[in-house]
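Residue-level structural notes
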Amino acid sequence: MTTAIQDVLAGFGLGLSLIVAIGAQNAFVLRQGIRREHVLPVVLVCALSDAVLIVAGVSGIGFVIERFPLVLDILRWAGAAFLVAYGLLAARRAISPSGLTAEGPGTKTSLRAAVLTVIALTWLNPHVYLDTVLLLGSIANTHGEQGRWWFAAGAVLGSVVWFTALGFGARLLKGLFAKPIAWRVLDAAIAVVMVTLAVLLIVRH
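Residues numbered from 1 in each chain as written. Predicted model: local features only at pLDDT ≥ 70, side-chain atom pairs only at ≥ 80, totals over all residues. Heavy atoms only, no water.

What follows covers the packing of helix α2 (residues 24-35) against helix α6 (residues 111-123). Viewed as axis vectors pointing N to C, α2 and α6 meet at an angle of 160 degrees, and their least axial separation amounts to 8 Å. The pairing of α2 with α6 is recorded here as roughly antiparallel in orientation. Both α2 and α6 take part in a crossing whose hand is left-handed. Together, Ala24, Gln25, Phe28 and Gln32 of α2 and Ala114, Thr117, Val118, Leu121 and Thr122 of α6 make up the contact between the two elements. Residues belonging to the contact of α2 with α6 are distributed by class as follows: five nonpolar, four polar and no charged. (Axes fitted to C-alpha atoms, helices over the stretch in contact; angles between N-to-C directions. Helix = DSSP H or I, 4+ residues; strand = E, 2+ residues; numbered from the N terminus. Parallel < 35°, antiparallel > 145°, perpendicular 65-115°, else oblique. Left-handed = near helix turned anticlockwise from the far one by under 90°. Contact = heavy atoms within 4.5 Å. Nonpolar A, V, L, I, M, F, W, Y, C, P; charged D, E, K, R; others polar.)

Written as structure tokens, this is what we have:
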């Protein structure tokens, strides 16, 4: 049992290290959390997506990615295009003060739009396949036949803990975002992050 706990903790630590970073997905979850819009569905999509990718990696699906690198190239360009488009929308919100209130931008995001956006930000990112499927899957398989699944459980737990804390903990920033200017700064930062990530996706291959 002690070995199983060690495997879970190892997976938990590595899982957190791979997802706790400034990225497109985290920026979107943070923004939805601050606005308190569709937080639970967004968090569930992120956690479930990670779980699927982690299980795929531990099951050995990573060899498909290694054998067919064209898949990653397609995802890279599609992801870059999506990030640029989303970044431009964020920049537009930051530049134009219209519709901004103490509760955030006046136009509310529909549940469908929020879910589709977080799905795109997650599954169109080629790095998620390299990190979660290949890297995490490879390390998990060094823990033995049984240990790799405990490791995977720890990684999934890390994802659930992180996205839950990020999505629902963002409301603690309500005081900071009580003024419209704070939303303009946040959207400007999101725009920079999205466009920067898009450029990195294109140049790093």
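Turning to the environment of Val58, a few remarks are in order. In this fold, Val58 is placed in helix α3 (residues 39-58). Among the residues examined, Val58 registers a relative accessible area of 0% and is labelled buried. Residues Val58 and Trp149, 91 residues apart in the sequence, show an inter-C-alpha distance of 7.4 Å. Not counting the four nearest positions on each side in its chain, Val58 is found in contact with Gly137, Ala140, Asn141, Arg148, Trp149 and Ala152. (Buried < 20%, exposed > 50% of the residue type's maximum accessible area, 1.4 Å probe, protein only.)

The next subject is the side chain of Arg31. Within the element layout of this structure, Arg31 appears in helix α2. For Arg31, the side chain forms a polar contact with the side chain of Asp187, separated by 2.8 Å. (Polar contact = N/O pair within 3.5 Å; in protein donor to acceptor, adjacent residues only side chain to side chain.)

As a further point, take the pattern of salt bridges. Inspection of the entire model under this criterion finds two salt bridges. Across the pair Arg31 and Asp187 runs a salt bridge whose closest N-O atoms are separated by 2.8 Å. Of this pair, Arg31 sits in helix α2 while Asp187 sits in helix α9 (residues 180-203), and the two are 156 residues apart along the sequence. (Salt bridge = Lys/Arg side-chain N within 4 Å of Asp/Glu carboxyl O.)

Mean pLDDT over the chain works out to 82, with 88% of the residues at or above the 70 mark. Below a pLDDT of 50 lies the segment residues 98-102, which in the model reaches 14 contacts outside its immediate sequence neighbourhood of four places, other chains included. (pLDDT = per-residue confidence, 0-100.)

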